[in-house]
Amino acid sequence: AQSKRYSERASAHTNPTAIRLFQIMERKQTNLSVSADVTTKAELLRITDAVGPYICCLKTHIDILSDFDHDLIDQLTALAKKHDFLIFEDRKFADIGNTVKLQYSSGVHKIASWSHITNAHIVPGEGIVKGLAEVGIPLQRGLLLLAEMSSAGSLATGEYTLEALRIARRNKEFCIGFIGQRRLEGLIPVEEKEDFIYMSPGVGLTSKGDGLGQQYRTPREVILDSGCDVIIVGRGIYGSGDTVENAKTYQKAGWDAYLERIEKGR
Ligand code: UP6
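The name given to the protein chain in an unreviewed UniProt entry is Orotidine 5'-phosphate decarboxylase, with Chytriomyces confervae as the source organism. Listed in UniProt under the heading Sequence similarities (unreviewed entry), the comment for the protein chain reads: "Belongs to the OMP decarboxylase family."

Pasting the structure below:
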């Protein structure tokens, strides 16, 4: 899959969210997702409007906002239309199927009603995916499984990581891919056609870490060397300097690495 163009992968895919994401990536020439981890509505909207033209996906942590309200969701949805990007709520669900079903559909945030993509840990086993799917499939949403993490000492390694791939393969209608550090398909090959999207956080061009366990790699390492599809960048974009210039820099670095990957047929 990784040596094919995003547009080709869009035509071959069956999940509506995956198709939309690939189409946006090709149309806007970007594999950048910005993670806007700020705590006020005003800041989140300001960053989103500024980086909107350069991203395929906005990643949110909706529960860190001090002044969350449903007008914020209306405004984010309007910005997603205006700038043509998807919204990914990085909720990292981690409970039993019945509980995550309620957390996904209900509560203050009603994540499933506005977030095109969300994600889950596989710690509880496959029931977590079944529970989320009951809410997400009718709404045509997509789920990413956390196969690996970027942080130092992560326990998501080895067999655990491979189990994420096995669970995704059994739930392809809803599982569109992974949060991870590298493409996994080759580790347990299958004959049948499949195409998972790999979104990779822990991306920075200047910093190597944050003192709290985060570890950064460059867009080139992530896209070209590790075969991931989307770079997720947070503080590298809104942390210091000019947000728009930073977004353009990461967009170009990610896209150049993708073009090189296609050219090399990797
Ligand atoms: N994130 C990681 N590593 C993971 C999974 N998720 O950093 O393995 C998320 C964090 C944060 C973003 O929750 O929102 O990606 C990274 O932000 P940063 O670029 O500012 O470090």
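Past the structure itself, the notes keep going.
Trainee: Lay out the site of the ligand in plain terms, naming residues and giving numbers.
Mentor: For the ligand, the set of nearby residues contains 16 residues, the closest of which are Met149, Ser150, Pro201, Gly234 and Arg235. Those elements that place two or more of their residues in the shell around the ligand are strand 8 (230-233) and helix 9 (235-238).

Trainee: Please provide a residue-by-residue account of the pairing of strand 4 (residues 117-120), values included.
Mentor: Side-chain alternation along strand 4 places Ile117 and Asn119 on one buried face and Thr118 and Ala120 on a second face that is also buried. The sheet contact formed by strand 3 (residues 86-93) and strand 4 spans three bridges and is parallel. Residue pairing for strand 4: phenylalanine 88 is matched across the bridge by isoleucine 117. Each parallel crossover has a hand, and the one from strand 3 via helix 5 (residues 97-105) to strand 4 is right-handed. Taken together, the four bridges between strand 4 and strand 5 (residues 142-146) define a ladder with parallel strand orientation. Within strand 5, the position partnered with asparagine 119 by the bridge is leucine 144. The handedness of the strand 4 to strand 5 crossover, carried by helix 6 (residues 127-136), is right-handed.

Trainee: Talk me through the packing of helix 3 (residues 41-51) against helix 10 (residues 243-264); I want residue IDs and the actual numbers.
Mentor: Across the interface, helix 3 lies against helix 10 with an axial gap of 9 Å and an inter-helix angle of 50°. Taken together, the axes of helix 3 and helix 10 are oblique relative to one another. Here the hand of the crossing between helix 3 and helix 10 comes out right-handed. Along the contact surface, helix 3 presents Ile47, Ala50 and Val51, while helix 10 presents Thr243, Val244 and Ala247. Partitioned by chemical class, the residues of the contact of helix 3 with helix 10 number five nonpolar, one polar and no charged.

Trainee: Describe the environment of lysine 101, with residues and values.
Mentor: Take lysine 101: it is sitting in helix 5. Lysine 101 gets classed as buried once you count the C-beta atoms within 10 Å, which come to 22. Between the alpha carbons of lysine 101 and leucine 162 there is a distance of 24 Å; along the sequence they are 61 residues apart. For lysine 101, the residues in contact, after removing those within four places along its chain, are Gly131, Leu132, Glu134 and Val135.

Definitions and limits used
Counting from 1, residues in each chain are numbered in the order their sequence is written. It should be noted that, the model being predicted, local features are given only for residues of pLDDT at least 70 and side-chain atom pairs only at 80 or more, the latter also being counted only at that level, while totals for whole chains, interfaces and linings use all residues. UniProt positions are given in the numbering used here, feature names are shortened, and annotations may be inferred rather than shown by experiment. Whether a residue is near a molecule or strand depends on its C-beta atom, generated from backbone atoms, being within 6 Å of that molecule or strand. Strands here mean DSSP runs of E at least two residues long; helices mean DSSP runs of H or I at least four residues long; both are numbered from the N terminus. For every residue, the other C-beta atoms within 10 Å of its own C-beta are counted; 20 or more classify it as buried, 12 or fewer as exposed, and values in between as partly exposed. C-beta atoms are placed from the backbone. Strand pairing is assigned whenever DSSP detects at least two bridges linking the two strands. Whether a crossover is right-handed depends on one test, that the path from the first strand over the helix to the second runs clockwise when the strands point away from the viewer. Angular values range over 0 to 180 degrees, each being the angle between N-to-C directions of two axes fitted as lines to C-alpha atoms, with helices fitted over their stretch in contact. Each angle receives one of four descriptions, namely roughly parallel if under 35 degrees, roughly antiparallel if over 145, roughly perpendicular if within 65 to 115, and oblique otherwise. Left-handed describes a crossing whose near helix is turned anticlockwise from the far helix by less than a right angle; the clockwise case is right-handed. The contact rule is simple: place each C-beta atom from the backbone, and if two of them lie within 7 Å, those residues are in contact. All amino acids are sorted into three groups, where Ala, Val, Leu, Ile, Met, Phe, Trp, Tyr, Cys and Pro are nonpolar, Asp, Glu, Lys and Arg are charged, and the leftover types, Gly among them, are polar.

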